[in-house]
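Structural overview for review
Take a look at the letters that make up each chain.
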Amino acid sequence: MSDLDERIGGRFVRMSRDEINQWQGEALRRSAMQAAKSPWYSAKFAEHGVDPASIASAKDVTKLPFTTKEDLRLSYPTGMLTVSTDQLVRMHTSSGTTGTPTAIFHNQDDIDCWAELMARCLSIAGATSKDVFQNMSGYGMFTGGLGLHYGAERLGMMVLPAGPGNTARQIKLIRDFHVTCIHATPSYAMHVAERMLQEGDDPRSLGLKRAFLGAEPYTEELRLKLQDVYGFKAYNSYGLSEMNGPGVAFECEHQNGMHVWEDAYLVELVNPETLEPVEEGEVGELVMTTLRRTAMPLIRYRTRDLTRFLDGECPCGRAHRRLARMVGRSDDMLIVRGVNVFPSQIEEVIMRHKWIGGNYLIHLTKAEALDQMTVKVELAKGEFDGSVETLRNLRSELQRQLKEQIGFTAVVEVMEPGSLPASEGKAKRVIDERQ
Amino acid sequence: MYNEVSVFVENKPGKLSKVAEILGNAGIDILALDLADEGQYGVFRILTAEPERAKDVLSDANVAVALNKVAMIEIADQPGGLVKLAKALDASGLNVSDAYGCIIERGKRAVFVVKGDRLDAIEAAARDAGLTALDSLA
């Protein structure tokens, strides 16, 4: 790979609006025809009466069927795969609405493209090969780890694959290796700053220049607060594992809206009830079609994230449109410590235990800037047999099973029968007191 | 064998009075009460003359309640009254997991509640020592 421009797909970055539209038409057709090679989409297209070869422009996307998280679950694991498995070089899983995760497969071209998009994001935020980058995001199946990692390496930064946690070690690494850029969740970045201040240390003394924040929604106020306390510039990042991971949309040096890479993604905003496109400037659910993925293209994937396009041209001059901060979800998914959690996953664990009644409450709070989740359950009146031992085991078993299901530790509180509010109609399962 | 009443409560103020009130209003006499504390919650163990009725009354009040079998041995309420039973239990080699006493008639009768793996064997050991295992406090 020769120079920076090639590595970040400069020719795509510089496309005009017309060139993007032209490219999208051709790429959509290619992508739909590739998708048709999978059992899932060939059946879906037939069911819908659509021939992918008939796609002539980006507008024709409305001829194609939507894809939902449920579809990913139904086609798990390889229903949407378009190539043989020996061509694959990576896969990532992410939480499903129930115990079944979703699986996304990548061949070498997909991995290279993902890294290109990610490097592009870092580059427009002002990072260069002279920067030193500490990735404080979880590695493993979570795409935030390897996603940022490959992009940062491709850009030529020296990468410290620190992963999360162990705050004292994070600080020491930043100092010892003159780290200039970090990737973390906004709440973890705040947590580290608070710890430093508590110990009489100054986060500004770390000399960080840039922070890339993502994996959970956060306010403009928190961004400004973080910039103030650290002295760095903080850039918003948006991504989801279905669309690779991070690298889908990112802020440029103007920090006003995230440019979404329209050479790689065909973006629609729809009304989540009617599935019709929303008016210009209106908030809608983000629906995305991959334009440059081969192993497992996704057609009109309903992200369930709600947002809108920002008006007008960005001063940076790039024609790729900007997305505003995500304003919410059109489903009941929660994000806790950067991890996606569906209440139904918790319900599934609770229902396994006959000693626990069906009523439960998920209580979200913050402690030292970090998200805390408490799951309150009720003892089933009729099952209690007086055994203290069973009660003790029950609580620790529930916590263990929840951790297995959602990936982090939630505190379980076993309460008396009837102590949780009984619901009339749709149960209110979540109380979110985080700010 | 006798029934002890076990009640699940959260570790919060007002639980003892709640349970006492429910039983008091139903005219049920509490003979002894003990708390097993598990931090966030606990289990009351209650000895009453009417364990079955106590369970019904508490259950109707939406309380998680259960009856647990225990051995209840009658002993004399005087200095040395426990010795015969204690020696019988020691000699038997049986595992005793919990035990407590309760006066039924001051200066005359008391009962000693014993819990363990083998309640039938505990009762047999008591009988062999000339003591009575009670099934009722009526």
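Residues numbered from 1 in each chain as written. Chains lettered and ligands numbered in written order. Predicted model: local features only at pLDDT ≥ 70, side-chain atom pairs only at ≥ 80, totals over all residues. Heavy atoms only, no water.

When helices and strands are tallied, chain B shows four helices and seven strands. For chain B, the α and β elements follow one another from N to C terminus as β-α-β-β-α-β-α-β-β-α-β. Over its C-alpha atoms chain B spans a radius of gyration of 16 Å, differing by no more than 12% from the 14 Å that the globule rule assigns to 138 residues. For chain B, with 138 residues in total, the buried portion stands at 44%. Long-range contacts, defined here as pairs at least 24 residues apart, represent 68% of the contacts in chain B between residues at least 6 apart. Entry remark: accessible area of chain B is about 6,800 Å², with carbon and sulfur atoms responsible for 49%. A gap of 1 Å separates the mean positions of the 15 positive and 21 negative side-chain charges of chain B. (Helix = DSSP H or I, 4+ residues; strand = E, 2+ residues; numbered from the N terminus. Rg over C-alpha atoms; globule rule 2.2 N^0.38 Å. Buried < 20%, exposed > 50% of the residue type's maximum accessible area, 1.4 Å probe, protein only. Contact = heavy atoms within 4.5 Å. Areas by Shrake-Rupley, 256 points an atom, 1.4 Å probe, with all protein chains shown as cover. Lys, Arg positive; Asp, Glu negative; His and termini not counted. Charge placed at Lys NZ, Arg CZ, Asp CG, Glu CD.)

We now examine the overall build of chain A. Secondary structure summary: chain A contains 12 helices and 20 strands in total. Relative to a compact globule of 435 residues, whose C-alpha radius of gyration would be 22 Å, chain A shows 23 Å and is just as compact. Projected onto its principal axes, the C-alpha positions of chain A cover 70 × 60 × 45 Å. Burial status across chain A gives 57% buried among its 435 residues. A separation threshold of at least 6 residues defines the contact pool for chain A, and within that pool the share at least 24 residues apart is 66%.

Contacts between the two partners involve 17 residues from chain A, matched on the other side by 21 residues from chain B. Around 1,600 Å² of area is buried between chain A and chain B when both sides are counted, 53% of it from carbon and sulfur atoms. Taken as a group, Lys381(A), Phe384(A) and Glu416(A) account for 39% of the area that chain A buries against chain B, more than any other trio of residues on that side. Connecting chain A to chain B are three salt bridges. Applying the counting rule to chain A against chain B returns 12 residue pairs in polar contact (both at pLDDT 80 or more). If you list the elements that add at least two residues to the side of chain A that touches chain B, you get helix H12 (388-406) and strand E19 (411-415) of chain A. Of the residues belonging to the side of chain A that touches chain B, the class tally is eight nonpolar, three polar and six charged. (Buried area = accessible area lost by both parts, 1.4 Å probe. Salt bridge = Lys/Arg side-chain N within 4 Å of Asp/Glu carboxyl O. Polar contact = N/O pair within 3.5 Å; in protein donor to acceptor, adjacent residues only side chain to side chain. Nonpolar A, V, L, I, M, F, W, Y, C, P; charged D, E, K, R; others polar.)

All names here are of chain A. Of note, the bond from Tyr76 into Pro77 is cis; its omega dihedral lies within 30 degrees of zero at 0 degrees. The topology assignment puts Pro77 in the loop between helix H5 (69-74) and strand E1 (88-94). The phi dihedral of Asn166 is positive, around 55 degrees, even though this residue is not glycine. Mapped onto the secondary structure, Asn166 falls in the loop between strand E4 (158-160) and helix H8 (167-176).

The biggest cluster of nonpolar side chains holds 73 residues, and the ones touching the most others in it are Leu64(A), Leu122(A), Phe212(A), Met288(A) and Leu298(A). With seven residues, the top contributor of residues to this core is helix H6 (residues 108-124) of chain A. Discounting chain neighbours no more than four positions away, the residues touching Leu122(A) are Ala127(A), Leu148(A), Gly151(A), Ala152(A), Leu155(A), Met157(A), Phe212(A) and Phe250(A). Listed in part, the 33 residues of the second largest apolar core include Ile346(A), Val412(A), Val430(A) and Ala66(B). (Core = buried A, V, L, I, M, F, W, Y, C linked by side-chain atoms within 4.5 Å.)

So, on to the sheet that holds strand E8 (residues 249-251) of chain A. All names here are of chain A. Strand order across the open sheet formed by eight strands is E4-E3-E5-E6-E7-E8-E9-E13, with mixed pairing between neighbours. On the outer flanks of this sheet lie E4 and strand E13 (322-323), each paired with one strand and no other. Pairing of strand E6 (residues 210-213) with strand E7 (residues 233-238), which is carried by four bridges, proceeds in the parallel orientation. By the bridge assignment for E7, Phe212 is matched with Tyr235. Strand contacts of H6: E6, E8 and strand E9 (258-260), with the helix running at about 15 degrees to E8, the strand carrying the most contacts. Sitting on the sheet, helix H10 (residues 220-230) touches E6, E7 and E8, and the angle it makes with E7 is about 140 degrees. (Pairing = 2+ DSSP bridges. Axes fitted to C-alpha atoms, helices over the stretch in contact; angles between N-to-C directions.)

All names here are of chain A. One pass over the structure, following the stated rule, counts 41 salt bridges over all chains. Measuring nitrogen to oxygen at the nearest pair gives 2.8 Å for the salt bridge that ties Glu262 to Arg17. Of this pair, Glu262 sits in the loop between E9 and strand E10 (265-270) while Arg17 sits in helix H3 (residues 17-35); the two residues are 245 residues apart in sequence, bridging distant segments of the chain. Of the residues examined, Glu262 reaches a relative accessible area of 0% and is grouped as buried.

Here the focus is the packing of aromatic side chains. Each aromatic ring pair is characterised by the separation of its centres together with the angle its planes make. Residue and element names in this part refer to chain A. In this structure the tally under the stated criterion is nine aromatic pairs over all chains. Both rings, one in Phe133 and one in Phe212, keep their centres 6.1 Å apart while their planes meet at 45 degrees; by these two values the pair is tilted. Here Phe133, found in strand E3 (residues 132-135), pairs with Phe212, found in strand E6; they are 79 residues apart in sequence, far enough to count as distant. Phe212 shares its class with Phe133; the two are buried. An aromatic cluster of three or more residues is present, and its members are Phe133, Phe212, Tyr235 and Phe250. (Phe/Tyr/Trp six-rings, centres within 6.5 Å; stacked < 30°, edge-to-face > 60°.)

Once that is clear, we can look at the pairing of E19(A). Residues and elements named next belong to chain A. Pairing geometry for strand E18 (residues 370-379) and E19, over five bridges, is parallel. Residue Val377 lies in a different strand from E19, and its bridge partner there is Val414. For the handedness criterion, the β-α-β arrangement of E18, H12 and E19 is classed as right-handed. (Right-handed = clockwise from strand over helix to strand, strands pointing away.)

Turning next to the packing of H8(A) against helix H9 (residues 186-198) of chain A. Residues and elements named next belong to chain A. Two elements in contact, H8 and H9, have axes separated by 10 Å at closest approach and are oriented at 90 degrees. Overall, the two elements H8 and H9 adopt an arrangement that is roughly perpendicular. Across from Thr167, Gln170, Ile171 and Arg175 in H8, the residues of H9 making contact are Tyr188, His191, Val192, Arg195 and Met196. (Parallel < 35°, antiparallel > 145°, perpendicular 65-115°, else oblique.)

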